[in-house]
Amino acid sequence: MRLHRHATVLASILALSFAAGAAHARQDVDKVNGSISVAAGEVRGNLETVNGSIRIGENAQAGAAGTVNGSVHVGNDGSARSLETVNGSIRLGERVRIEGDVETVNGSVFAGRGSRIGGNVENVNGALGLVQTEVAGSVETVNGDVTVGVGSHVRGQLRVHKPTANWMPVRVRQRAQRIVIGPGVVIDGDLVFEREVQLYVHDTARIGTITGATAIPFSTPTAPARQPD
């Protein structure tokens, strides 16, 4: 997991170098303070701000989108090269295409039906949720609940990391994380848990080897209620 590098993410984001040549045919948007919006159907280059949210409208296209303090939202049928924030959530509508990684430190991630993410989905603090979404890489968290929802396909691993000094701040949880693998889900890689979780796996799911947890099977459309810790 590469989220430890976010300890110095502000410096790295401010030092980003943009691709040359054809990439400059798309207008880059670079701010320090202020949100960035790409209107429906528009095409933009890289989007970068420090204090502000980023919104990519329906059927719009953008390059790499990154902020430090703010959320990131991509509307239905939108696309981007990658999405990254430090303090904020990331939300994808339906049929969204992301070429690379989707990463946040303190914030949730949700991807709607028909979306495809070409890299990893990662966070430290916050829930991760996928619905009929394909992830070409892995799904990784430290301190978040995870729902790999109906019909989703993760080609890499599902991993819950043990907190280390490299990932700060990690909020102290008062109960085990809840991990739900829903109906028709496929996870090609292993499921690795380095801390206590409650793992619910639907009877129709196909998953790799489980390490660090015992699966609680279910056959209903939704997972059972959380068991007492």
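Quick notes on the rules
Residues numbered from 1 in each chain as written. Predicted model: local features only at pLDDT ≥ 70, side-chain atom pairs only at ≥ 80, totals over all residues. Heavy atoms only, no water. Helix = DSSP H or I, 4+ residues; strand = E, 2+ residues; numbered from the N terminus. Buried < 20%, exposed > 50% of the residue type's maximum accessible area, 1.4 Å probe, protein only. Polar contact = N/O pair within 3.5 Å; in protein donor to acceptor, adjacent residues only side chain to side chain. Pairing = 2+ DSSP bridges. Axes fitted to C-alpha atoms, helices over the stretch in contact; angles between N-to-C directions. Phe/Tyr/Trp six-rings, centres within 6.5 Å; stacked < 30°, edge-to-face > 60°. Lys NZ or Arg CZ within 6 Å of the ring centre and 35° of its normal.

Trainee: Quick one: what's the story with the side chain of His161, residue by residue and with numbers?
Mentor: By the element assignment, His161 lies in the loop between β20 (158-160) and β21 (177-181). Under the relative-accessibility criterion, His161 is labelled buried at 7%. A polar contact is formed between the side chain of His161 and the side chain of Glu140, at a distance of 2.7 Å.

Trainee: Any chance you could break down the sheet that holds strand β18 (residues 146-148) for me, citing the residues and the numbers?
Mentor: Strand order in the open sheet made by the ten strands is β2-β4-β6-β9-β12-β15-β18-β21-β24-β26, with parallel pairing throughout. Two strands bound the open sheet, and with one partner strand each, they are β2 (36-38) and β26 (215-218). Averaged over all neighbouring strand pairs, the angle between strand axes comes to 10°, with direction disregarded. For β2 and strand β4 (residues 54-56), the ladder comprises three bridges, and the chain directions are parallel. Among the inter-strand pairings, Val38 is bridged to a residue of β4, identified as Ile56.

Trainee: How would you sum up the packing of aromatic side chains? Please name residues and give values.
Mentor: Per the counting criterion, the structure on display carries zero aromatic pairs. Arg178 extends its terminal NZ or CZ atom over the ring of Tyr200, reaching a point 4.7 Å from the ring centre.

Trainee: Pulling in residues and values, what's your account of unusual backbone geometry?
Mentor: Within the chain, Asn59 stands out as a residue other than glycine whose phi angle is a positive 60°. Note that Asn59 resides in the loop between β4 and β5 (64-66). At Arg95, a position not held by glycine, the phi torsion is positive, near 60°. Mapped onto the elements of the fold, Arg95 is located in the loop between β9 (90-92) and β10 (97-98).

Trainee: Any chance you could break down the sheet that holds strand β19 (residues 153-154) for me, citing the residues and the numbers?
Mentor: Strand order in this open sheet of six strands is β7-β10-β13-β16-β19-β22, and the pairing throughout is parallel. Single-partner strands in this sheet number two, and they are β7 (79-80) and β22 (186-187).

Remember, this is a structural readout, not a statement about activity or role.
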